[in-house]
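Residues per chain are reported as follows:
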Amino acid sequence: MKIVNLIEDTKGRLGCTYAHGLSFYVETQNHKLLVDLGPSEETLKNAEKLGIDLTEVDIVILSHGHYDHSGGIMAFSRINSHAPIYMQASASFDYFADDGKEKGDKRFRYIGIDKKIVSLPQVKAITGDHIIDDELELFMVRKKPHELPFTNNRILVKENGKYKRDDFSHEEYLMIRDEGKCVLMSGCAHNGIPNILDTYKEKYGSFPDEVISGFHLMKKRGYTEEESSIVEDIGRELKKYPTTFYTCHCTGEVAYEIMKRTMGDKIQYVHSGEEIILR
């Protein structure tokens, strides 16, 4: 299995753009697929620099309904109109970030997808779990006994003219079976990576060999002592699993370093343009 980070928030391979967002290219025995398409068509330019032909992609997965994971979809559709794009129907809702009272009239910032995406003929809007084939399955999280990421607090959905806390029912997760391995891929893990892993275990009877996901722990203004402790606790929890974790994007480098101290070689950061080698 070949997995390449096409774009994320930090500098990686020389010449690849890095920006707030996420996209992975994956080759399995039967598929060439994309999990998310980053914040813009810079994702496509990075793919070209890396020698990846996106016209050969046969499946696209949109992990959830935010611009930084969907911004390259319209540009992609112009060069590849045959690959189905799987998304939860609710990924098209109106999602906003609350940037604080100090922003005044600009407090609520739209972070949803380009509405033109919904009209693409290749889009397959699904509801709930979905089996694509013997290699690929999509699933949802419904039970959430573990705490959600504290950075979720400022993310909202607008319904009937009113803002309310997003419950992330638009977030889906990809399970890949290939070459004797089971890999779990997520975008931001807004529903909390321990909750996602519990759901995976309940659904498939074991834990994945690898998890590739952002953990949505990044903050712009630094962490309080309590928040640092929460991140450390998440690292301790993840260390218990028989799983190797690859993270990036919304985890943030500071949170990654906190988790790395606890998890050691069970966690790695994947920068823009870098390839994940699974052994």
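Residues numbered from 1 in each chain as written. Predicted model: local features only at pLDDT ≥ 70, side-chain atom pairs only at ≥ 80, totals over all residues. Heavy atoms only, no water.

J.: How would you explain the pairing of strand β13 (residues 173-178) if you had to name every residue and give the values?
T.: Most of β13 sits inside the fold, with 5 of its 6 residues counted as buried. Pairing of strand β10 (residues 136-139) with β13 involves 4 bridges; the strand directions are antiparallel. The residue of β13 that forms the bridge with Phe139 is Tyr173. Where β13 and strand β14 (residues 181-185) come together, 5 bridges link them in antiparallel fashion. Residue pairing across strands places Arg177 opposite Cys182, the latter belonging to β14. Between the end of β13 and the start of β14, which pair antiparallel, lie 2 residues, with Glu179 showing a positive phi angle near 55 degrees. (Buried < 20%, exposed > 50% of the residue type's maximum accessible area, 1.4 Å probe, protein only. Helix = DSSP H or I, 4+ residues; strand = E, 2+ residues; numbered from the N terminus. Pairing = 2+ DSSP bridges.)

J.: Explain the sheet that holds strand β7 (residues 108-110) to me, and be specific about the residues and the numbers.
T.: Pairing within the open sheet is antiparallel, and its 4 strands lie in the order β7-β6-β11-β12. Edge positions in the sheet fall to β7 and β12 (162-165), since each of these pairs with one other strand and no more. Direction aside, neighbouring strands of the sheet carry axes that sit 40 degrees apart on average. Examined bridge by bridge, strand β6 (residues 94-98) and β7 share 3 bridges and lie antiparallel to one another. By the bridge assignment, Phe96 is partnered in β7 with Tyr110. (Axes fitted to C-alpha atoms, helices over the stretch in contact; angles between N-to-C directions.)

J.: Please set out the side chain of Asn80 residue by residue, giving values where relevant.
T.: Along the chain, the position of Asn80 falls in the loop between α3 (73-79) and β5 (85-88). Overall, the relative accessible area of 0% leaves Asn80 in the buried class. One polar contact links the side chain of Asn80 to the main-chain carbonyl oxygen of Leu54, over a distance of 2.9 Å. A polar atom in the side chain of Asn80 sits 3.4 Å from the backbone oxygen of Thr55. (Polar contact = N/O pair within 3.5 Å; in protein donor to acceptor, adjacent residues only side chain to side chain.)

J.: Residues and numbers for the pairing of β10, please.
T.: In β10, alternate side chains face the same way, and those of Leu136 and Leu138 on one face and Glu137 and Phe139 on the other are all buried. Alignment of strand β9 (residues 130-131) against β10, held across 2 bridges, turns out to be antiparallel. Bridge pairing in β10 places Ile131 opposite Glu137. What sits between β9 and β10 in their antiparallel hairpin is a turn of 4 residues.

J.: I'd love a proper account of helix α4 (residues 193-204), names of residues and values included.
T.: When the terminal C-alpha atoms of α4 are compared, their 16 Å separation across 12 residues agrees well with the 16 Å that a helix rising 1.5 Å per residue should span. Looking at α4, one finds that the buried residues are Ile193, Pro194, Asn195, Ile196, Leu197, Thr199, Tyr200 and Tyr204. Residues of α4 that are buried make contact with β10, β13, β14, β15 (210-212), α5 (225-239) and β16 (244-247). Positioned one or two residues after α4, Gly205 has a phi angle of 85 degrees, which is positive. (Expected span 1.5 Å × (residues − 1). Contact = heavy atoms within 4.5 Å.)

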